[in-house]
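The lines below spell out each chain.
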There are 2 protein chains.
Amino acid sequence: MENISENIRIQMRKGLLEYCILRILSNEEAYASSIIEALKGAKMIVVEGTLYPLLIRLKNQQLLSYRWEESTQGPPRKYYMITDKGRAQLEEMDAAWSDLVESINHLKK
Amino acid sequence: MENISENIRIQMRKGLLEYCILRILSNEEAYASSIIEALKGAKMIVVEGTLYPLLIRLKNQQLLSYRWEESTQGPPRKYYMITDKGRAQLEEMDAAWSDLVESINHLKK
DNA sequence: TTTTGTACTTTGTGATACAAGGTATTGAAA
DNA sequence: TTTCAATACCTTGTATCACAAAGTACAAAA
């Protein structure tokens with residue numbers, strides 16, 4: 001483990017990526033690369049090997065669905081969208097996140 | 001996996017417990033049971049099997065040190081305290097946490 | 001002496017993210 | 001036509017973390 005500071009961020013992020021994906025897809029459909037871009041925009045860097053299994057996991061839980069769409073450049077893209085079940089889960093996650101922030105703030109005093 | 005909602009919280013918490021321990025010990029020395037109490041106060045429930053290995057890990061990284069202290073009731077207690085190296089790490093973690101909160105807020109827009 | 005309570009520790013399991021690969025499709029260059 | 005580069009999707013192996021469920025050790029009370 002070379003980069004301690006980076007590892008801190010990786011560990012803190014665990015379990016939050018799922019939340020981030022649902023948050024991103026709550027606004028718009030997106031395919032893997034565009035999701036990675038959105039995460040980069042929020043300074044949450046992830047690699048493909050992390051994202052693809054995660055998307056498949058969420059799809060198997062029926063929190064997401066997808067459709068294929070032709071691209072003007074390159075192979076077709078898998079556009080993911082959030083399901084009703086996904087929105088319900090997202091609400092739970094919003095609550096869990098709020099509680100978590102409150103917990104940390106409590107410890108900061 | 002029966003309790004989905006609980007699992008959400010468990011997963012989100014991953015990597016944050018370490019931060020919480022350092023935060024708690026930044027104010028005062030404490031032994032395992034009292035740390036668990038402090039976490040309960042912040043609604044971050046953990047069990048012994050989680051906390052002890054974590055404390056040992058932090059001690060091996062020289063972020064914490066400890067001393068034995070006799071108890072009036074029961075066996076002696078291992079009081080942990082944060083080290084200078086631990087305080088440096090805590091600063092890193094404060095920054096990582098702030099960034100994380102900002103990232104999530106960014107995705108909420 | 002046995003029991004009860006407190007404190008510390010270990011082992012096995014499931015879940016997550018990463019690194020480092022691989023496969024498949026498309027269009028342009030050779 | 002064939003080769004190459006770009007894009008997109010997927011898989012495998014590894015490390016880390018939290019939990020459940022045990023176990024060990026000590027001290028005071030019954």
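Before any of the text, the structure's been laid out above.
Cut-offs used in this document
- Residues numbered from 1 in each chain as written.
- Chains lettered and ligands numbered in written order.
- Predicted model: local features only at pLDDT ≥ 70, side-chain atom pairs only at ≥ 80, totals over all residues.
- Heavy atoms only, no water.
- Helix = DSSP H or I, 4+ residues; strand = E, 2+ residues; numbered from the N terminus.
- Buried < 20%, exposed > 50% of the residue type's maximum accessible area, 1.4 Å probe, protein only.
- Contact = heavy atoms within 4.5 Å.
- Areas by Shrake-Rupley, 256 points an atom, 1.4 Å probe, with all protein chains shown as cover.
- Lys, Arg positive; Asp, Glu negative; His and termini not counted.
- Charge placed at Lys NZ, Arg CZ, Asp CG, Glu CD.
- Near = heavy atom within 4 Å.
- Polar contact = N/O pair within 3.5 Å; in protein donor to acceptor, adjacent residues only side chain to side chain.
- Nonpolar A, V, L, I, M, F, W, Y, C, P; charged D, E, K, R; others polar.
- Expected span 1.5 Å × (residues − 1).
- Arc of directions from axis to C-beta.
- Axes fitted to C-alpha atoms, helices over the stretch in contact; angles between N-to-C directions.
- Parallel < 35°, antiparallel > 145°, perpendicular 65-115°, else oblique.
- Salt bridge = Lys/Arg side-chain N within 4 Å of Asp/Glu carboxyl O.
- Phe/Tyr/Trp six-rings, centres within 6.5 Å; stacked < 30°, edge-to-face > 60°.
- Lys NZ or Arg CZ within 6 Å of the ring centre and 35° of its normal.

Asks: Honestly, the overall build of chain A in this entry has me stumped. Any pointers?
Replies: A count of helices and strands for chain A gives five helices and two strands. Along the chain direction, N to C, the helices and strands of chain A fall in the order α-α-α-α-β-β-α. Every one of the 109 residues in chain A was classed for burial, and the buried ones make up 43%. Residue pairs at least 24 apart in sequence account for 49% of intrachain contacts in chain A once pairs closer than 6 positions are excluded. Working note: accessible area of chain A is about 6200 Å², and carbon and sulfur atoms make up 50% of it. Of the charged side chains in chain A, 15 are positive and 15 negative, and the gap between their average positions amounts to 4 Å.

Asks: Explain the protein's contact with DNA strand D to me, please; I cannot follow it from the model alone.
Replies: Around DNA strand D, the structure places 28 residues, and the nearest of them are Tyr 52, Arg 77 and Lys 78 of chain A together with Arg 13 and Thr 50 of chain B. Expressed as a percentage, the sugar and phosphate content of the atoms of DNA strand D within 4 Å of the protein is 71%. At a separation of 3.1 Å, a base nitrogen of DNA strand D approaches a polar side-chain atom of Glu 48 of chain A. Within the side chain of Arg 77 of chain A, a nitrogen or oxygen atom sits 2.7 Å from a phosphate oxygen of DNA strand D. Looking at the surface near DNA strand D, the elements that each hand over two or more residues are α3 (32-41), α4 (48-60) and β2 (77-82) of chain A together with α2 (17-25) and α4 (48-60) of chain B. Counted by class, the surface near DNA strand D contains 13 nonpolar, seven polar and eight charged residues.

Asks: Mind showing me how you'd approach α4 of chain A here?
Replies: Because an α-helix completes one turn every 3.6 residues, residues spaced three or four positions apart along the sequence face the same direction. All names here are of chain A. Here α4 is 13 residues long and its end C-alpha atoms lie 18 Å apart, about the 18 Å a rise of 1.5 Å per residue gives. Those residues of α4 that fall on the buried side of the exposure criterion are Leu 51, Leu 54, Leu 55 and Leu 58. All buried residues of α4 project into a common sector of 100 degrees when viewed along the axis, lining one side. Facing away from the buried surface of α4 by more than 90 degrees, the exposed residues are Gly 49 and Asn 60. On its buried face, α4 is in contact with α2 (17-25), α3, β1 (64-69) and β2. At the C-terminal side of α4, Gln 62 shows a positive phi close to 60 degrees.

Asks: Even after reading the chapter, I still don't get the packing of α2 of chain A against α4 of chain A, so can you show me in this structure?
Replies: Relative placement of two packed helices is described by the angle separating their axes and the distance separating the axes. All names here are of chain A. Contact geometry of α2 with α4 gives a least axis separation of 11 Å together with a crossing angle of 70 degrees. Regarding the angle of α2 to α4, the classification is roughly perpendicular. Along the contact surface, α2 presents Leu 17, Glu 18 and Ile 21, while α4 presents Thr 50, Leu 51, Leu 54, Leu 55, Arg 57 and Leu 58. The class makeup of the residues in the contact of α2 with α4 is six nonpolar, one polar and two charged.

Asks: For this particular structure, what's the right way to read the protein's contact with DNA strand C?
Replies: Near DNA strand C, the surroundings consist of 29 residues, among which Arg 13 and Thr 50 of chain A together with Tyr 52, Arg 77 and Lys 78 of chain B are the closest. The protein-proximal atoms of DNA strand C, defined as those within 4 Å of the protein, are 69% sugar or phosphate. Between DNA strand C and the protein, one listed contact pairs a base oxygen with a side-chain N or O atom of Lys 14 of chain A at 3.4 Å. When residues of the surface near DNA strand C are traced back to their parent elements, those giving at least two are α1 (4-13), α2 and α4 of chain A together with α3 (32-41), α4 and β2 (77-82) of chain B. Partitioned by chemical class, the residues of the surface near DNA strand C number 14 nonpolar, seven polar and eight charged.

Asks: Just to check I follow, could you spell out the pattern of salt bridges for this structure?
Replies: Pairs can form between side chains of opposite charge whenever their charged atoms are close. With the rule as written, the count across this model stands at ten salt bridges over all chains. What you see here is one network of salt bridges that share partners, running through Glu 29, Arg 67 and Glu 69 of chain A.

Asks: Explain the packing of aromatic side chains here, please?
Replies: Two aromatic rings, taken as a pair, are described by how far apart their centres are and by the angle between their planes. Enumeration over the complete set of coordinates arrives at nine aromatic pairs over all chains. Relative to Trp 68 of chain B, the ring of Tyr 66 of chain B lies with its centre 6.4 Å away and its plane at 85 degrees, an arrangement referred to as edge-to-face. Each residue in the set Tyr 19 and Trp 97 of chain A together with Tyr 19 and Trp 97 of chain B is aromatic and connected to the rest through ring pairs, giving one cluster. One Lys or Arg, Lys 78 of chain A, reaches over the ring of Tyr 66 of chain A and ends 4.4 Å from the middle of that ring.

Interpretation note: all reported values are geometric properties and have no functional meaning in isolation.
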